[in-house]
Amino acid sequence: MDVKSFTSTICAELGLAEYNVMITDVPGMTEGMANVLINPLLKVIVVTPKAAELLTEDELCAVMTHELGHSYNNHVEKRLVVDGVSVVLSGINVFLPLPIWKKVLIQVGLTATEIAIKWKMFHAQEFEADQMSFRYHLNNQLASALRKLDVANESFKPSNPLLAAVAGMTHPSTEERIKRLTVPVINR
């Protein structure tokens, strides 16, 4: 299965604009990481050289279904709305006629709430994007790709528990994602 033509076919089926698939390093990402990223604004899916080397074509196609699932479900746009609301609420807080200590407490509460919402939303979005692999019967291939990527990137995981928690904010555990991809669930 050719990854670029598969991606083109999926885009057409989902009514998405054509995405360009590129194999390249990502500026700002640690060299040697195996990853696949989507940028819906630029209509590009970037596969790092390590991921291209590591994954089979079927696994890469499965990862494409996941990445296009983000675009199909407007995940970036939803994240931007949460960010916008957060900025507006923080801006309002600045101008409230309150003592500074109350503003600080309000801001701490706003920040904690934003983190909790984003944590829940990001995890839900990852699971939702994973579901796209079922549509194309590539859920087992996606599970296999996730295993390989997790092992390949093990050395890049932070050893500090606080940093590990922050790193885990955007993605649920690989084990939980694989479980959902490989264990039959009623009313999926």
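Residues numbered from 1 in each chain as written. Predicted model: local features only at pLDDT ≥ 70, side-chain atom pairs only at ≥ 80, totals over all residues. Heavy atoms only, no water.

A. Just helix 6 (residues 139-152), in detail. Helix length check: helix 6, at 14 residues, gives a terminal C-alpha distance of 20 Å against a target of 20 Å (1.5 Å per residue), a fit within 8%. Every buried residue of helix 6 is accounted for by Asn139, Leu142, Ala143, Ala145, Leu146, Leu149 and Asp150. Take helix 6 and look down its axis: the buried residues cluster within an arc of 160 degrees, on one side only. Buried residues along helix 6 sit in contact with helix 2 (49-54), helix 3 (57-72), helix 5 (100-135) and helix 8 (174-182). (Helix = DSSP H or I, 4+ residues; strand = E, 2+ residues; numbered from the N terminus. Expected span 1.5 Å × (residues − 1). Buried < 20%, exposed > 50% of the residue type's maximum accessible area, 1.4 Å probe, protein only. Arc of directions from axis to C-beta. Contact = heavy atoms within 4.5 Å.)

B. Quick peek at the pattern of salt bridges. Scanning the entire structure with this criterion turns up seven salt bridges. A salt bridge links Lys118 to Asp83; the shortest N-O distance between them is 2.5 Å. Of the two residues, Lys118 is situated in helix 5 and Asp83 in helix 4 (residues 75-95); the sequence distance between them amounts to 35 residues. By relative accessible area, which is 15% here, Lys118 ends up buried. (Salt bridge = Lys/Arg side-chain N within 4 Å of Asp/Glu carboxyl O.)

C. Local environment of the packing of aromatic side chains. Under the defined criterion, the tally for this structure stands at one aromatic pair. On the basis of an interplanar angle of 80 degrees and a centroid distance of 6.2 Å, the ring pair of Phe6 and Tyr136 is categorised as edge-to-face. One end of the pair, Phe6, is in helix 1 (residues 3-14); the other, Tyr136, is in the loop between helix 5 and helix 6, with 130 residues separating them in the sequence. For Phe6, a relative accessible area of 12% gives the class buried. The ring of Phe122 carries the charged tip of Arg79 above its face, separated from the ring centre by 3.9 Å. Lying across the ring of Tyr72, Arg135 places its NZ or CZ 5.8 Å from the centre. (Phe/Tyr/Trp six-rings, centres within 6.5 Å; stacked < 30°, edge-to-face > 60°. Lys NZ or Arg CZ within 6 Å of the ring centre and 35° of its normal.)

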